[in-house]
Structures are given as structure tokens and as C-alpha cells.
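# Summary of the model geometry
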Amino acid sequence: MRNSLLALALLAPLPASPAAAQQPSDTSLTVESIFKRGDFRSAPLPSVHWLKDGKSYLDTRPAEGGGANIVRVDLSTGTERVVVDAKTIVDAAGKRIDIEDITLSDDESKALLFHGSVRVWRQNTRGIFSVLDFATGKVISIVREESSIDTLVRRNVTHPNDTTTAPALGKSPSFIAPPVRTGLQMFAKFSPDGRQVAFVSDNDLYVTNIASGTTKRLTVDGSADIINGTTDWVYEEELDLRDAFRWSPDSKRLAYWHFDQSAVPAFPIENDLPVYPLVSVLRYPKAGQPNSRVSVGVIDVATAKTTWMQTGADTGIYIARMDWAGNDSVVIQRLPRKQNRVDVLMASAATGGTRTMLTDSDSAYVDVQDQPTWIAGGRQFLWITDKSGWRQVFLYDRSGRQLRQVTTDGMDVLSVAAVDEVRGQVYVIAAAPNPTQRQLYVASYKKNEMRRVTQEAGSHAPTIGPGAHWAVDVYSTIASPATATVYELPGWTKRRTITDNAALKAKIAALGPRAEFFRLPMSDGTQLDAFRIVPAGFDSTKKYPVLMYVYGGPAAPTVNDSWGGTRELWHMLLAQRGYVVVSVDNRGAAWRGRAFRKITQLHLGRHESSDQIEAAKWLGRRSWVDASRIGIWGWSYGGYMTALTTALGGDVFRMGIAVAPVTDWRNYDTIYTERLMWTPQDNKAGYDESAPQNHVAGLRARLLVVHGTGDDNVHPQNTIQFADKLEAAGKPFWMLLYPNRTHSISGGNTQTHLFDSLTRFVTENL
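Predicted model, so just to flag it, every value in this text is computed and none were measured. (Residues numbered from 1 in each chain as written. Predicted model: local features only at pLDDT ≥ 70, side-chain atom pairs only at ≥ 80, totals over all residues. Heavy atoms only, no water.)

### Points about the nonpolar core
Among the nonpolar cores identified, the biggest contains 98 residues, and Y235 and M548 are the most heavily contacted of them. Residues within four places of Y235 in sequence aside, it is in contact with D240, L241, W257, F259, V294, I317, Y318, I319 and I671. Counting residues in each nonpolar core, the second largest holds 41 residues, with F531, I657, Y738 and F761 among its members. (Core = buried A, V, L, I, M, F, W, Y, C linked by side-chain atoms within 4.5 Å. Buried < 20%, exposed > 50% of the residue type's maximum accessible area, 1.4 Å probe, protein only. Contact = heavy atoms within 4.5 Å.)

What follows is the structure, given as C-alpha cells:
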């Protein structure tokens, strides 16, 4: 097959190999048991919605007969009671509501119920919101029905970066919005006083008065190209920003993002299943192309008048974060397109005037942070920055004057988990004491003190309640799935286990393969973090084929002491069949300080591929590795790494699997790519060097390339262009396409088919 075909589209599973056809035993993993039957599905973990007392929370639990009960959990006593029975949580037709999420009003008298959702790109963020009154048990649907034709009139609006003005209409409108269509809502949230609910529908902002049930439309220019209160595609994907409006503390105004994406080139996404293909278009800014023009407005709920914040004349900026700081001020994070600086602006909600409170810059790029963590009644704030050479927490006063470094160098702090103002302490999650770990630390922001709180090796993801007295910690290791445990602070005293996953732990332990961490030396003296998954009865004097698993992207490690879910189970399946799976965090990938993470700047792929190739050669010299049978695989950035590394690695790799790979960074989006590479116009050599398409002449490995044809993230264009270059160079390869599947290549039987095909490719070619 390899010698007779340049490309083969695999629309059915590969022929069964002898290894794949073996009859499984009770402890043998199969693709079906992992991806189809869900035999290794975790027990439910709690969804914690903290109450203000800091010692209890609400959770939703599936109820017999459908729907969900809302349960109050008291952490100090361990008692649980049903606050609202599922039988009473029904829609207008009397059908039980399948609650997907709840949000409490500030006074905890009501809850917003989110249900009936549909997917928007990555997440299910569009759906139905209903208000549940805890006192009366009444459920009220929030619908998009305007109360007055006046709310449909386009108002006089001048955007701060525009020289044009929207049509002046006054009392005699010359523009009327299209007829009302009651639609789904996004990001509904209570006003702080609990009397109103604001939401987004069809790219416009609305507000509903709960008592009267009337709904008012606040913005009227929402369209396919104008977006209010939510974001465009690239902000959602790369800045993790979807919910794009905020209530003022006094419930009188909304601050919101406004996007004009009309200049962003449209990218077609084609559905080839009908007789005549259907084509939809996505505004997708590729590296070097125009972005949306973005501004921040503050709209008065009573008058629907917007005041625009003055974020500067540069229309190429990113507004990465925004929130209120009191009733009169809005804090805005502004980045230039190069993303090598962030300006934290304090804006007047009344006038739109701004001042720069803090500037953080880097010769490479700055990481987008959550908003400042305000303390001392808003007089001081905590901020995470790389300025010391490590990612650390610093304390500033409201004017932006640095007061002190709070956390200790030598580890990267990933996030602020909570603040205990009574004790003057901040809890943080850090990649420490080594980069494979995620541990909770506490530091004083008043004096130089810091200590580790969690002690069990592995990965901790605690959610800490108001007042920092109680925490629910979700904890896992590479060998053990997640558990949820209640702890009391400040001593981190264990009180009880909520979810122990004991049955799943026992099932996994019985499988046989085990994971081991080690460090792998590079020729320049750098020690890279790595793990290997070895078969039961592993014998270091015996030679095994090795499959390397790579992601490799900036600040995106795979060598983590945490449970890896279905991906890890698939690696264990391969170990049961005699393979050793190895993953190595190349330079750029791990949380090991600024210099390690940002070495890749302007040269994506150079250091990463060099490290992976050198790691493969080092492995080939181990007594337990068959150097003639080393393969590599990865997805997304890992697919890119596989394509580039096999092209540059020559005979080092026998096979590779590149799933949804970027094959030329000119094909990828602005925010991610330009942050790391700047533009193709300014870094042509860097783009040329980094593109796997330009190195196909060196490919020796047996290569399978996989893509979903509906991938809106890494477009299948990458694989098509790569295939064209491989064919032109006379390089045999295999190609597997999944019709209309997105970047996750999932849905229906897809994951089962995909991993069955990957398994067969590994067993036949490695």
C-alpha cells in the first residue's frame, strides 16, 4: 500500500491487524470500552455554587423521573437537603427542566437556570434561561420580547475609533429593527439588586424586569457583522472571552464589548454531504489579516444611551478583559496587536475618559490575565506577571504603584485561587515543587511568607468559598482519576470525601500498564520532563517499540501528574499490546519560568522539533527501546509538531500520526499566531522555517494525516495544502477525513472510528 499509493482517503477502519484482532480478556482495554461504552467513565464530581456564608453550596443532582433537584450541602456538618424538588422545576408546558447550570442572585433568593442549550463553536453557550424564585417555587422564562417600539430605534451612537456617526433618528425613526423573533439567549445574569436579568440574543443586549416580565432591547445594531455583549470567533478561541458584558454594582448600567467584524475576511466551511454542497462562512482573521474593530461601551439601562470608553486611536488593539471597579469606573486591559504589552486602564463610566493604571511589557509577549484581584476595599490589587523571570503575584496600590512581590521565584504561579483578607493572605495554584505538579500555596501580601498547603503529589484544583474557610478540592494523579474532598482552612484539615471514584480506581489499577516520570537530558544540559507508560511486567532488558505523544505548544505541557481520561486510557491500551508510550515536554511547553516558556518567540517549531528529535535519539540508545521502531503522534499543535518533526527527523521516526495539524502558520488566526510569530509580513523567514509544508523532502516516516472537514479552528486547508506538497515531492502518506467534524473530531460513532483507525495504523506501521 505504501509503495503503490501517494495518498489514500480512509473512509472505513483499516484492516484488522493480528494484535488488534486478539480476543480481549476482562482486563483488556478496547477502543469500544473506552470511547463507545464508557466503561471507564468517572463518577460525577460536584458542581459547587458557593453561598455567601462560605461553608455551604448548592449543587444539582439528577432526579428520578427526569430533571434535577437543587441540593444544599453544608460543609461543616456534611448534611445535604433538597432545596427545590425537580418535580416543581418545570417549564410553561409542565415539563421538567433539565438544568445545565445555575447562577444565584446576590441575595440568594433566586436562581437563573440554564437549559436547552446549543453549541456555539466550543461550548454550549446559547440556550434558555429561566428564573427560579426559591420562596415561591415559581419558574419564569426569560424571553426576548421588546416592550416598546422605541427600543427598536437605532440611537445616535458615535464609536470612539470611528469618524462616522450612526443615522440620527431622534423621535422620528428612519431605521426600524427587523420584526421581533423570540430566540435563544446567551450569558443571562442577574443585576446586583436581583430585579433585572440582562442577556444577549442575536448579537444585541436585552434586559428583562423580573417583576413585570417586560423585556427591553438596549442595543439595536446587532447583525452578522456587529456584535454586542458577546465576542467574535478569535476572541472566544484565543482570549477565552465569550460573556462580554458586566453589570455595574448599582444595577443601573452595563459595560459591554462592541465588535465590528465587517473587515475580517470570510472563510468558507463546506458541507459536502448533500448532492450540492452547502457553504457557510466564518469571519476568521488569519495571521497578518484585519481583525475586528473593538470598543467598550457603558450603556444606561433606563435610557439605552451608550458612553464609549476612550481606549485610544489605534484600531488594531485587543481589549482582553474588562470589569467594573466601583459604580463609576471600569477597568480595561488593552493590548497592542503585537501583544508585547498590556495597559491596565481605569475608565470613567460617566465620561469615557481613561488613565493608565499599570503597564506590563515583555520583549516576547505578555500573558492575558484575569482582572486585577482587588483587596483593601479597592485600594490595592494583586496582579500576576513574568517580570521577575517567573510568573509571580505582585501587590499594587490603586494608582498602579508596585508595593511588593508576594509569591516566591523558582516556580510559576498559574492562578489566584482565593484571598483571605482577615489574615492578609492569597491562595495560589502553582506548577510546583516541580513542573508536573499543581499544588496550592498560600502567601502573605503583608510580609514575606509563603508555604505549601496541599501535600499529596499530583494535581489539585480546589475551589475555595467566601472568607477562605472551606474548600472542595478536585485531585488526581497520572495513575488515579479525580476525587473530590472537603477541607477546612487555614489548616487544610480534611473533613470528608464527596467523590472517591474507588470503583474506577480499582478498575484502572487492574489494567496492568503503569506510568513513570523521569527527566531526559539534552545535549545543552537542559533536563526535559517526561513520562512513560509501560506494559505490565515491563523488562528493561527487552526492546519495545515506542510511540511518543506530543503537544509541545507554548505553556501547554502534557507531562502532568494528573489523570488524562480517554487519551491516557488509549495509551494504556497500546501498552497492553506491547508498546511503550513516552511524552516529553520540549522547551516552550512547560511551566518552568519565562526564559523556558518564551524561547520559541518568532521561531515556532525550531526548538520544539529539535528537542523532540533529540529526545527520540536519546530514547533509541536506551536498553529497553527498539530504535528502529519509534513513532510520534499528536493533535492540533501536536499534529503540527508531528508533521514538522517527522519531516525534519529523517530516519529517527518510523511512523507518525498528525491529527488536525497546522502546516503553515499563515493559515492560523491572528491572536495566537501573531502573539508568538508577529505577522508574515514582518517575519517571513520565521513563517517559512516553521511550516511543515516546506520540509516534506526530508520525510521518511510512514505518515497518517487526519482532519475533520468542518474544522473551524485549524482549517482542513492545512491538510490539503500539506497533501499537495507531499504528492509533489513523491512522498507516500495516508489521509483520513471526517465529514463535517470539527476540531474535536467527535460526535456519534466518530471517536470510536477514529481511535480504532489510529490503533490499527500504529499496530501495522510501528
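### A look at helix α6 (residues 606–620)
Over its 15 residues, α6 runs 21 Å from end to end, which matches the ideal 21 Å to within 8%, given 1.5 Å per residue. Among all positions of α6, only H607, E608, S609, D611, Q612, I613, A615, A616, W618 and L619 are buried. Elements in contact with the buried residues of α6: β36 (514–521), β37 (527–534), β38 (544–549), β39 (580–584), β40 (625–635) and α7 (637–649). (Helix = DSSP H or I, 4+ residues; strand = E, 2+ residues; numbered from the N terminus. Expected span 1.5 Å × (residues − 1).)

### Things to note about the environment of G213
You can see G213 is positioned in the loop between β11 (204–209) and β12 (215–217). With 70 residues separating them along the chain, G213 and V143 place their C-alpha atoms 8.9 Å apart.

### Looking at the packing of aromatic side chains
The full count for this structure, using the stated rule, is 29 aromatic pairs. An angle of 20 degrees between the planes, with centres 6.2 Å apart, marks the rings of F518 and W618 as stacked. Taken together, the residues F518 in strand β36 and W618 in helix α6 connect sequence positions 100 residues apart. Of the residues examined, W618 reaches a relative accessible area of 14% and is grouped as buried. Every member of this aromatic cluster is reached through a ring pair, and the members are F35, Y549, W570, W633, W635 and F755. The aromatic ring of F245 is capped on one face by K189, whose charged end is 3.3 Å from the ring centroid. Positioned above the aromatic ring of W374 is the side chain of R398, whose terminal nitrogen or guanidinium carbon lies 5.1 Å from the ring centre. (Phe/Tyr/Trp six-rings, centres within 6.5 Å; stacked < 30°, edge-to-face > 60°. Lys NZ or Arg CZ within 6 Å of the ring centre and 35° of its normal.)

### With respect to unusual backbone geometry
With omega at 5 degrees, the peptide bond leading from A432 into P433 counts as cis. Residues L489 and P490 are joined by a peptide bond in cis, for which omega reads 10 degrees. Here P490 is to be found in the loop between β34 (480–488) and β35 (493–499). With phi around 60 degrees, Q339 is a residue other than glycine that occupies positive phi space. Following the sequence through the fold, Q339 ends up in the loop between β21 (329–335) and β22 (341–348).

### Thoughts on the pattern of salt bridges
This structure, assessed with the given rule, holds 39 salt bridges. Close ionic contact of E237 with R122 constitutes a salt bridge, the shortest N to O distance being 2.8 Å. Linking E237 in helix α2 (residues 233–239) with R122 in the loop between β6 (110–120) and β7 (123–133), this pair joins segments that are 115 residues apart in sequence. Judged by relative accessible area, which is 25%, R122 ranks as partly exposed. Salt-bridge contacts for E689 lead to R606; the nearest nitrogen and oxygen are separated by 2.7 Å. (Salt bridge = Lys/Arg side-chain N within 4 Å of Asp/Glu carboxyl O.)

### Description of the packing of α6 against α7
Viewed as axis vectors pointing N to C, α6 and α7 meet at an angle of 65 degrees, and their least axial separation amounts to 9 Å. Here α7 runs roughly perpendicular to α6, going by the angle between their axes. Between α6 and α7 the crossing geometry is right-handed. Between α6 and α7, the contacting residues are E608, S609, Q612 and I613 on the first element and Y637, M641, L644, T645, L648 and G649 on the second. Residues belonging to the contact of α6 with α7 are distributed by class as follows: five nonpolar, four polar and one charged. (Axes fitted to C-alpha atoms, helices over the stretch in contact; angles between N-to-C directions. Parallel < 35°, antiparallel > 145°, perpendicular 65-115°, else oblique. Left-handed = near helix turned anticlockwise from the far one by under 90°. Nonpolar A, V, L, I, M, F, W, Y, C, P; charged D, E, K, R; others polar.)

### What to know about the sheet that holds strand β27 (residues 402–405)
With respect to topology, four strands assemble into an open sheet ordered β24-β25-β26-β27, the strand pairing being antiparallel. With partners counted over all chains shown, the strands left at the sheet margins are β24 (373–375) and β27, one partner each. For this sheet the average axis-to-axis angle between neighbouring strands, irrespective of direction, equals 30 degrees. Summarising the sheet, β24 and strand β25 (residues 380–385) pair through three bridges and their orientation is antiparallel. Counted as the bridge partner of T373 is L382 from β25. (Pairing = 2+ DSSP bridges.)

### Considerations on the sheet that holds strand β42 (residues 702–708)
Hydrogen bonding along the main chain pairs the strands of a sheet, whether they run parallel or antiparallel. One open sheet holds the eight strands; their spatial order is β36-β37-β39-β38-β40-β41-β42-β43, and the pairing between them is mixed. The outermost strands of the open sheet, each flanked by one partner alone, are β36 and β43 (734–738). On average, each strand axis in the sheet is inclined to that of its neighbour by 20 degrees, with strand direction left out of account. Sheet analysis places β36 next to β37, joined by eight bridges and oriented antiparallel. Looking across to β37, one finds that F517 is bridged to F531. Its contacts with the sheet put helix α10 (residues 717–728) on β42 and β43, and the angle it makes with β42 is roughly 150 degrees.

### Examining the layout of surface pockets
Computed from the structure, the largest pocket encloses a volume of approximately 1500 Å³. Contributing to the lining of the largest pocket are 45 residues, with E238, D240, P554, A555 and R675 lying nearest its centre. At the level of elements, α2, β25, β28 (412–420) and α8 (670–677) are the ones that each hand at least two residues to the lining of the largest pocket. Across the lining of the largest pocket, the residue classes tally to 25 nonpolar, nine polar and 11 charged. Taken as a whole, the second largest pocket encloses approximately 700 Å³ of empty space. Considering the residues around the second largest pocket, the lining is formed by D106, D370, T373, W374, I375, V419 and E421. Among the elements that take part in the lining of the second largest pocket, β24 stands out by supplying three residues, more than any other. (1 Å grid on protein atoms, 1.4 Å probe; cavity = no way out; pocket = protein on both sides within 12 Å on 5 of 7 lines; lining within 4 Å. Points joined across faces, edges and corners; volume = space filled by probe spheres on them.)

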